[in-house]
Amino acid sequence: MAESAAVEFRIDRRSGVATYLQIVQQTKQALRLGVLEPGDRLPTAREVVEATAINPNTVLKAYRELEREGLVEARRGLGTFVRRTLGSAAVTTDAPLRDELTGWTRRARDAGLDRDDVSALFTAVLDSTFKGDQHS
């Protein structure tokens, strides 16, 4: 049986995004990037609460949503486990693209952009690039 995966949830209370949705989104990101793989155990609600100081029901709501989407399954007395991944081989194995993006984000930071600026710029370019794409 797999150990608990090394995923740490970071809650941004100023983001305007519901806390449970932040957990769902971060879990999906970890699935896309290969940080979480089928068989991995998500942190328990107690572990998430201790790390983030959020309500345990919020964690459970996020895990129920992930379960509804077929991404995880709760095993009574054992925890919540990843059922399937979202990552394509290209995302998890394409180090050159990741290296280019890392370099770009460092240049953006060095140019004086903060995290929110970079996120807004990246999202705008992403939306423009994938406009009308049914697979985005």
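Preceding this section is the structure that the text describes.
We now turn to the structure provided with this report. Not measured: the values here are computed from a predicted model.

## Things to note about the overall build of the chain
1) Next: Summing up its helical and strand segments, the chain has 6 helices and 2 strands in all.
2) Next: Sequence-ordered secondary structure for the chain, helices as α and strands as β, is α-α-α-β-β-α-α-α.
3) Next: Expressed as a percentage of the 136 residues in the chain, the buried residues total 25%.
4) Next: Here the contacts in the chain between residues at least 6 apart in sequence split such that 58% fall between residues at least 24 apart.
5) Next: When the accessible surface of the chain is summed, it comes to about 9,600 Å², and 49% of that surface belongs to carbon and sulfur atoms.

## Quick notes on helix H3 (residues 56-68)
1) Next: Taking 1.5 Å of rise per residue, 13 residues should cover 18 Å, and H3 covers 18 Å from first to last C-alpha, within 8% of that figure.
2) Next: Within the span of H3, buried status applies to Thr58, Val59, Ala62, Tyr63 and Leu66. One face of H3 carries all of its buried residues, which in axial projection span an arc of 135°. Exposed and facing more than 90 degrees away from the buried side of H3 are Asn57, Arg64 and Arg68.
3) Next: Structurally, H3 contributes buried residues whose contacts are with helix H1 (19-33), helix H2 (45-52), strand E1 (72-75) and strand E2 (79-82).
4) Next: Where H3 begins, the capping side chain belongs to Asn55, and its oxygen is found 2.7 Å from the backbone nitrogen of Asn57.
5) Next: One or two steps after H3, the chain reaches Gly70, where phi turns positive at roughly 80°.

## Quick notes on a nonpolar patch on the surface
1) Next: A cluster of nonpolar residues, Leu101, Phe122, Leu126 and Phe130, forms a patch on the protein surface that exposes about 330 Å² of accessible area.
2) Next: Looking at the secondary structure, you find Phe122 in helix H6 (residues 115-129).
3) Next: Residue classification places Phe122 among the partly exposed residues on the basis of a relative accessible area of 37%.

## Things to note about H2
Turn by turn, an α-helix covers 3.6 residues, leaving residues three or four places apart pointing in a common direction.
1) Next: Among the residues making up H2, those that are buried are Ala45, Val48 and Thr52. Summarising the axial view, the buried residues of H2 lie within an arc of 65°, below the 170-degree limit, and thus occupy one face. Exposed and oriented more than 90 degrees from the buried face of H2 are Arg46, Glu50 and Ala51.
2) Next: Looking one or two places after H2, you find Ala53, whose phi comes out positive at around 60°.

## Points about the pattern of salt bridges
1) Next: On inspection of all chains with the given rule, the structure shows 5 salt bridges.
2) Next: Its salt-bridge partner being Arg14, residue Asp12 comes within 3.9 Å of it at the nearest N-O pair.

## Re the layout of surface pockets
1) Next: If you add up the space inside the second largest pocket, you get close to 250 Å³.
2) Next: What lines the second largest pocket is a set of 15 residues, and nearest its centre among them are Leu60, Tyr63, Ala74, Gly79 and Thr80.
3) Next: Contributions of two or more residues to the lining of the second largest pocket are made by H3, E1 and E2.
4) Next: For the lining of the second largest pocket, the element with the highest residue contribution is H3, accounting for 4 residues.
5) Next: Of the residues contributing to the lining of the second largest pocket, the split by class is 7 nonpolar, 4 polar and 4 charged.

Parameters at a glance
Residues numbered from 1 in each chain as written. Predicted model: local features only at pLDDT ≥ 70, side-chain atom pairs only at ≥ 80, totals over all residues. Heavy atoms only, no water. Helix = DSSP H or I, 4+ residues; strand = E, 2+ residues; numbered from the N terminus. Buried < 20%, exposed > 50% of the residue type's maximum accessible area, 1.4 Å probe, protein only. Contact = heavy atoms within 4.5 Å. Areas by Shrake-Rupley, 256 points an atom, 1.4 Å probe, with all protein chains shown as cover. Expected span 1.5 Å × (residues − 1). Arc of directions from axis to C-beta. Polar contact = N/O pair within 3.5 Å; in protein donor to acceptor, adjacent residues only side chain to side chain. Patch = residues over 30% accessible without salt bridge, like charges linked within 9 Å, V, L, I, M, F, W, Y side chains within 5 Å. Salt bridge = Lys/Arg side-chain N within 4 Å of Asp/Glu carboxyl O. 1 Å grid on protein atoms, 1.4 Å probe; cavity = no way out; pocket = protein on both sides within 12 Å on 5 of 7 lines; lining within 4 Å. Points joined across faces, edges and corners; volume = space filled by probe spheres on them. Nonpolar A, V, L, I, M, F, W, Y, C, P; charged D, E, K, R; others polar.

Fair warning: the whole summary comes from geometry, so function is off the table for now.
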